[in-house]
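Residue strings, one per chain:
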Amino acid sequence: MKKLACVVALTSAFASFDALAWGNDGHRAVGAIAEKLIKGSNAEKQVAALLLPGESLESITVWADCVKGNWCGPQTPEMVAYVEANAQHSEYHYTDVPFQNSHYHDGAVGTAEVDIVHTLKQAIAVLQGNTGAAANPHQFTRRQALLLIAHMTGDIHQPLHVGAAFIGKDGKYVVPQKHDDIDSVSMFDSRGGNNLLLDDDKVSALSASLIPGEDKPLPVGMQKSPTKPFHSYWDTTVVDYAMRRISTRTPEQFAQKVIDGKPAVVMNTGAATTWPYQWADDALAVSKLAYADVTPGKITAQTSRKGETYYTFALEMTPNYPVPSSALAKTQLIKGGYHLASLLQTIWP
């Protein structure tokens, strides 16, 4: 067995229930888990006080992605104001630490002052009442802090939002020692796996024999692309597989089933503002497994809409990859939900 399959088998990711970072369903699953876990607590009351009519903890988990465009509907005045005040908001969702590393360190290659670890740290401080300029340089409001925490606690548990792949000119994974090493000549940035392209038909064919149920239909008017970015596979495809493997189709169903299974989740220790560092280290460990059984292949030069040249790599996965990867995604979604609930109850005991 390959590394990924071995580790998932040892941790029995599915054993207790039969026994997703993330796209819309994955984020909502994290929020639904947390929402159920904090029910009846002071944290639930404090969250409710920051929500608008019709909102829930589950529903707001997608807000920080919705502000990037109009796919959730027209931008609200609140969204417009947030975007105008946070020019780098799209960078708040991830960090790019080489996946081979074991720890996230401030200032190391791939980190940034506006990355997901620092954004979460600031948002947590704001909800704790620390709104000074040093702790909150982006001047997040309490509501914005909650919106970001609800979303980014999910993101940081998606392994490709932390562990990044860099590829040498020989097509093998490499570890940059400084940012200037990533020159698109001898070393290439996979952009969080977005430049690693899977053959979508091959993925579908593999999953057909391994994953119960059928792939979700494409939205009306959308054409199927011949390739699927590896990042997209981890954002959405494995979430769909994880839900199907335990016979659930909605985030709420998924949340209830995993909670009923009483999963063993390791909780965080120390000051809450240090938890994003702990989550990043955990995601790095998981990203090693995510990349273990996929191999970069042919490099192709591409031209962006701005006329800039970038490079993509064909990516091959092992025949069984949909099984252990979906099990790993399920574990990460559960961690995200339980950690979000624990964080909110720590902030508001």
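Residues numbered from 1 in each chain as written. Predicted model: local features only at pLDDT ≥ 70, side-chain atom pairs only at ≥ 80, totals over all residues. Heavy atoms only, no water.

### Some points on the packing of helix α7 (residues 116-127) against helix α12 (residues 275-292)
At a minimum axis distance of 8 Å, the contact between α7 and α12 shows a crossing angle of 150°. Considering their axes alone, α7 and α12 lie roughly antiparallel with respect to each other. Pair α7 / α12 crosses with right-handed handedness. Packed against α7, whose contacting residues are Val117, His118, Leu120, Lys121 and Ile124, the element α12 presents Pro276, Tyr277, Trp279 and Ala280 at the interface. In terms of residue class, the contact of α7 with α12 is built from 7 nonpolar, 1 polar and 1 charged. (Axes fitted to C-alpha atoms, helices over the stretch in contact; angles between N-to-C directions. Helix = DSSP H or I, 4+ residues; strand = E, 2+ residues; numbered from the N terminus. Parallel < 35°, antiparallel > 145°, perpendicular 65-115°, else oblique. Left-handed = near helix turned anticlockwise from the far one by under 90°. Contact = heavy atoms within 4.5 Å. Nonpolar A, V, L, I, M, F, W, Y, C, P; charged D, E, K, R; others polar.)

### Regarding the pairing of strand β9 (residues 309-317)
Sheet topology note: the strand β6 (residues 196-199)/β9 ladder contains 2 bridges and is parallel. Of the residues in β9, the one forming a bridge with leucine 196 is phenylalanine 313. (Pairing = 2+ DSSP bridges.)

### Considerations on unusual backbone geometry
The backbone of arginine 191 sits at a positive phi, close to 55°, despite the residue not being glycine. Its location among the elements puts arginine 191 in the loop between β5 (187-189) and β6.

### Topic: the sheet that holds β5
Strand order across the open sheet formed by 3 strands is β4-β3-β5, with antiparallel pairing between neighbours. Pairing within the sheet leaves two strands with one partner each, and these edge strands are β4 (173-174) and β5.

### Brief notes about the sheet that holds β6
Sheets are built from strands that pair by backbone hydrogen bonding, the pairs being arranged parallel or antiparallel. A sheet is described by the order of its strands in space; here 4 strands give the open sequence β7-β6-β9-β8, paired in mixed fashion. Since the sheet does not close on itself, it has two edges, and those belong to β7 (227-229) and β8 (294-303), each with one partner. In this sheet, adjacent strand axes meet at a mean angle of 35° when their direction is disregarded. Where β8 lies against β9, 8 bridges are found, and the strand directions are antiparallel. When the bridges of β9 are listed, threonine 303 appears paired with threonine 309. Most of the contacts of helix α9 (residues 200-210) go to β6, to which it runs at about 55°, and overall it touches β6, β7 and β9.

### Overview of the pattern of salt bridges
Taken as a whole, this structure holds 12 salt bridges when the rule is applied. A salt bridge links glutamate 78 to arginine 143, with the shortest nitrogen-to-oxygen separation between them at 2.5 Å. Of the two residues, glutamate 78 is situated in helix α6 (residues 77-85) and arginine 143 in helix α8 (residues 142-155); the sequence distance between them amounts to 65 residues. Here arginine 143 falls in the buried class, since its relative accessible area comes to 12%. A salt bridge links aspartate 181 to lysine 178, with the shortest nitrogen-to-oxygen separation between them at 2.9 Å. Residue aspartate 181 is classed as buried on the basis of its relative accessible area, which comes to 19%. Linked through salt bridges whose partners overlap, the residues forming this network are Asp215, Asp240, Arg244 and Arg249. (Salt bridge = Lys/Arg side-chain N within 4 Å of Asp/Glu carboxyl O. Buried < 20%, exposed > 50% of the residue type's maximum accessible area, 1.4 Å probe, protein only.)

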